[in-house]
Amino acid sequence: MSSLGSWLPALPGLAWGWALLDALLQGLVGACAVSVLCSLLRVYLYIQCLNDPERQAEKEAIRAQRWVLEPLHVVVLTGVLALVGSRVAALVVLEFSLRAVSTVLSLSKGAHSSQLYLLCQYSLGCGVSCGLSFLLEGAPHGTCNLVLAAGLAGLLATYTRRLARHVCTLYELHSRARYCGVCILLLTAGHGIPRLLRNALAVTFAVADLAAVALINRDFLSTAEAIRFWTPLTICYTLLVIYMQEEPRQSTSRRAVYQTVLVRMGGLFILLLTVGRWTDVFHIFVSLLGELWCLLRAGIMLEACWQQ
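Residues numbered from 1 in each chain as written. Predicted model: local features only at pLDDT ≥ 70, side-chain atom pairs only at ≥ 80, totals over all residues. Heavy atoms only, no water.

## Quick word on the overall build of the protein chain
- Helix and strand content of the protein chain: 13 helices and zero strands.
- Each helix (α) and strand (β) of the protein chain, taken in turn from the N terminus, gives the series α-α-α-α-α-α-α-α-α-α-α-α-α.
- Buried residues in the protein chain amount to 49% of all 308 residues.
- Contacts in the protein chain between residues at least 24 apart in sequence constitute 80% of all its contacts with a sequence separation of at least 6.
- When the accessible area of the protein chain is evaluated, it comes to approximately 15100 Å², of which 67% is carbon and sulfur surface. (Helix = DSSP H or I, 4+ residues; strand = E, 2+ residues; numbered from the N terminus. Buried < 20%, exposed > 50% of the residue type's maximum accessible area, 1.4 Å probe, protein only. Contact = heavy atoms within 4.5 Å. Areas by Shrake-Rupley, 256 points an atom, 1.4 Å probe, with all protein chains shown as cover.)

This is the structure in structure tokens:
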């Protein structure tokens, strides 16, 4: 497959051959991680809306989501994550980690946690992709490991998607009749889903942050070059965090969420115009499309989080 590079055209951020296959597999694992996150959040939000008589409209909206679009969401997100270079993916991971820590420290315990989980979708995909790229770098059987990881991630995503569909279809009946073991388990322990997600995301982003720093630093030949990059990056991230803090406590409007995405990506765009490469600028636009795609897909659940 390495001979493909001799006659296929070059694209920014992609190398043909085994590297292209590795990028697609890493993107697939990241997309499956996002799918698992969304499925579990859909289960949790549906149960919460079902238990609240004033939120029946939101419950019906979550139930009415088109399940056939979920595979399309995974395919599109896989392509976006495969196209984004490791450098920009690492910057996205670091930016979200700093923003998440700032948000958790500034808000009361548990406030807006579900919304924060939904806003981390694309960053989670980038984090998983960065982590795999770093952990398998130089591995003699890296592609085989990625195939195994993609298979396991796809299996987990499929089962969580089936769980969400089962809950949205039969949970109301089964929980009353005490008929289904899965629904009974969710009836007694469903409130623990946010805690499960919080712990899993904390571990994932901790590994991703270490991988992101290592992936960025490998491009520098000297300490001076690293300082010239990290200094404006630190200033940019500090200004972004200050902007987020001045926003009205996680504004509960779709327009505000999209505006925040544009501000964040705009800040990284300006930064990379000065200290990055032209491929990084291209990858910023790809990342913007990935962020908007994830938010568009999770629009109904975001509305439910705001009402909560």
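## Considerations on the pattern of salt bridges
- Going through the model one piece at a time under the given rule, you end up with five salt bridges.
- The residue Glu-70 makes a salt bridge to Arg-297 at a minimum N-O spacing of 3.0 Å. Placement of the pair is Glu-70 in helix α3 (residues 69–83) and Arg-297 in helix α12 (residues 278–297), with a sequence separation of 227 residues.
- Here Asp-280 ties to Arg-87 by a salt bridge, and the two come within 2.9 Å at their closest N and O atoms. Linking Asp-280 in helix α12 with Arg-87 in helix α4 (residues 86–106), this pair joins segments that are 193 residues apart in sequence.
- With a relative accessible area of 8%, Arg-87 lands in the buried category.
- Overlapping salt bridges bring together Glu-95, Arg-99, Arg-264 and Glu-291 as one network. (Salt bridge = Lys/Arg side-chain N within 4 Å of Asp/Glu carboxyl O.)

## What to know about the layout of surface pockets
- Estimates place the volume of the second largest pocket at around 650 Å³.
- Lining the second largest pocket are 34 residues, with Ala-23, Gln-26, Ser-86, Ser-133 and Arg-218 positioned closest to its centre.
- Listing elements by their share of the lining of the second largest pocket, those giving two or more residues are α1 (18–50), α3, α4, α6 (121–135), α7 (142–177) and α12.
- With six residues, the single largest contributor to the lining of the second largest pocket is α1.
- Grouping the amino acids of the lining of the second largest pocket by side-chain chemistry returns 15 nonpolar, 12 polar and seven charged. (1 Å grid on protein atoms, 1.4 Å probe; cavity = no way out; pocket = protein on both sides within 12 Å on 5 of 7 lines; lining within 4 Å. Points joined across faces, edges and corners; volume = space filled by probe spheres on them. Nonpolar A, V, L, I, M, F, W, Y, C, P; charged D, E, K, R; others polar.)

## Things to note about the packing of aromatic side chains
- Here the structure, examined in full by the defined rule, presents two aromatic pairs.
- With 5.2 Å between their ring centres and 35° between their planes, Phe-96 and Phe-205 make a pair best called tilted. Here Phe-205 lies in helix α9 (residues 193–217) and Phe-96 lies in helix α4, a separation of 109 residues in the sequence.
- Given the relative accessible area of 4%, Phe-96 is considered buried.
- One Lys or Arg, Arg-162, reaches over the ring of Tyr-159 and ends 5.7 Å from the middle of that ring. (Phe/Tyr/Trp six-rings, centres within 6.5 Å; stacked < 30°, edge-to-face > 60°. Lys NZ or Arg CZ within 6 Å of the ring centre and 35° of its normal.)

## Concerning a nonpolar patch on the surface
- Where nonpolar side chains cluster on the molecular surface, the patch consists of Phe-134, Leu-135, Val-203 and Val-207 and spans about 360 Å² of accessible area.
- The set of elements that each furnish at least two residues to the nonpolar patch consists of α6 and α9.
- As for its position among the elements, Phe-134 is in helix α6.
- For Phe-134, a relative accessible area of 35% puts it in the partly exposed group. (Patch = residues over 30% accessible without salt bridge, like charges linked within 9 Å, V, L, I, M, F, W, Y side chains within 5 Å.)

## Some details on the packing of α6 against α9
- Packing of α6 against α9 brings their axes to within 8 Å, and their N-to-C directions diverge by 60°. Classified by the angle between their axes, α6 and α9 sit oblique to one another. Between α6 and α9 the crossing geometry is left-handed. Here Ser-123, Leu-124, Gly-127, Val-128, Cys-130, Gly-131, Ser-133 and Phe-134 of α6 lie close against α9, whose contacting residues are Leu-201, Thr-204, Phe-205, Ala-208, Ala-211, Ala-214 and Leu-215.
- Looking at side-chain class alone, the contact of α6 with α9 contains 10 nonpolar, five polar and no charged residues. (Axes fitted to C-alpha atoms, helices over the stretch in contact; angles between N-to-C directions. Parallel < 35°, antiparallel > 145°, perpendicular 65-115°, else oblique. Left-handed = near helix turned anticlockwise from the far one by under 90°.)

## What about the nonpolar core?
- Counting residues in hydrophobic clusters, the biggest one holds 86 residues, and the most contacted among them are Leu-37 and Tyr-122.
- With 17 residues, the single largest contributor to this core is α1.
- Those residues in contact with Tyr-122 that sit more than four places away from it in its chain are Leu-77, Val-80, Leu-81, Val-84, Val-92, Val-286, Ser-287, Gly-290, Glu-291 and Cys-294. (Core = buried A, V, L, I, M, F, W, Y, C linked by side-chain atoms within 4.5 Å.)

## Comments concerning the packing of helix α11 (residues 254–275) against α12
- With their axes 10 Å apart at the nearest point, α11 and α12 run at an angle of 170° to one another. One element, α11, and the other, α12, form an angle in the roughly antiparallel class. Facing α11, whose interface residues are Val-257, Tyr-258, Val-261, Leu-262, Arg-264, Met-265, Leu-268, Phe-269, Leu-272 and Leu-273, α12 presents Asp-280, Val-281, Ile-284, Phe-285, Ser-287, Leu-288, Glu-291, Leu-292, Leu-295 and Leu-296.
- Of the residues belonging to the contact of α11 with α12, the class tally is 16 nonpolar, one polar and three charged.

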